[in-house]
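So the chains spell out like this:
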Amino acid sequence: MPVLAVIGAGPGLGLSIARRFGREGFQVALVSRTQDKLDALAAQLADEGIEAAGFAADVTRPDSLQSALAAVADRFGAVDLLEYSPADPTFAGAAAVDATAQDLHKQLDYYLYGAVAAVRQVLPAMLERGSGTLLFTTGASSVRPLGGAFGSVGVAAAALRNYAMALGVDLAESGVHAAHVAIGVFIGSGPGTEPETIAEHYWDAYTKRDQAEIVVHTVPGGIW
């Protein structure tokens, strides 16, 4: 059975992605900071007939994240699909005009360096077998600067976007597909923004493997 690892798993989009792939026969590894919450999500998936387990880790601590992913491999086998989408609504950003190097460093730790640590853990096995998928999720500010509190967040998200798409270039002939998903809607805010609807974009990215970037929006050609 193929293995999906959702980094930043929660009850919204992360759970919907896990459910979408689980219905296709994936074993699901849920990774975030709180084991109790992960266990509850895994139990919910198990009730739906999806094999899942939670692995606690902090994306700002590379050793923690890599240890969790090593535990995933011990439990399920090598990861076939890594989906990286940590999100913390309490993690405040700073406007560009106010942002300090420390503000940016915090955001880079959270978005970029966590992704790098995760990739370093799972990519060698993908390259060895010549297959695998790496999907990285950000908000609209990675593509279109939004200002305000999104200033420092956007800098880090844009760095993650660049990293994801550069990986796609470097891995193009390896059998490993890397892509970026930019979500330009408030999830759950209206028709077409439901987590289960957005999760279909991830299934398309995994099965079609023909796009370096998918931008999710409800207004053609625009974000928000």
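The following refers to the structure shown.

Rules behind the numbers
Residues numbered from 1 in each chain as written. Predicted model: local features only at pLDDT ≥ 70, side-chain atom pairs only at ≥ 80, totals over all residues. Heavy atoms only, no water. Pairing = 2+ DSSP bridges. Helix = DSSP H or I, 4+ residues; strand = E, 2+ residues; numbered from the N terminus. Axes fitted to C-alpha atoms, helices over the stretch in contact; angles between N-to-C directions. Contact = heavy atoms within 4.5 Å. Salt bridge = Lys/Arg side-chain N within 4 Å of Asp/Glu carboxyl O. Buried < 20%, exposed > 50% of the residue type's maximum accessible area, 1.4 Å probe, protein only. 1 Å grid on protein atoms, 1.4 Å probe; cavity = no way out; pocket = protein on both sides within 12 Å on 5 of 7 lines; lining within 4 Å. Points joined across faces, edges and corners; volume = space filled by probe spheres on them. Nonpolar A, V, L, I, M, F, W, Y, C, P; charged D, E, K, R; others polar.

In this section: the sheet that holds strand 3 (residues 52-56). With parallel pairing, seven strands are arranged side by side in an open sheet as 3-2-1-4-5-6-7. Among the strands making up the open sheet, the edge pair consists of strand 3 and strand 7 (213-216). Recorded for the sheet is a direction-independent mean angle of 15 degrees between the axes of neighbouring strands. Note: strand 2 (residues 27-32) against strand 3, five bridges, orientation parallel. Considered in strand 3, the bridge of L30 is made with G54. Strands in contact with helix 3 (residues 62-76) are strand 1 (3-7), strand 2, strand 3 and strand 4 (81-84); relative to strand 3, the strand with the most contacts, it is inclined by about 155 degrees.

Now for the pattern of salt bridges. Inspection of every chain in the model, using the stated rule, returns six salt bridges. R20 serves as the salt-bridge partner of E24, at 2.6 Å between the closest nitrogen and oxygen. Here E24 falls in the partly exposed class, since its relative accessible area comes to 40%. E213 is paired through a salt bridge with R161; the nearest N and O atoms lie 2.5 Å apart. Here E213 is found in strand 7, whereas its partner R161 is found in helix 5 (residues 150-170), with 52 residues between them in sequence. Taking relative accessible area as the criterion, R161 reaches 23% and is therefore assigned partly exposed.

Rolling a probe over the atoms, with the probe sized like a water molecule, indicates the empty space that remains. Scanning the entire structure with this criterion turns up one cavity of 30 Å³ or more. In this structure, the largest cavity spans a volume of roughly 40 Å³. As for the largest cavity, its lining consists of H177, D204, A205, K208, R209, D210, Q211 and I214. Per element, the largest residue contribution to the lining of the largest cavity is three residues, and it comes from helix 6 (residues 195-208). Taken together, the residues that form the lining of the largest cavity break down as two nonpolar, two polar and four charged.

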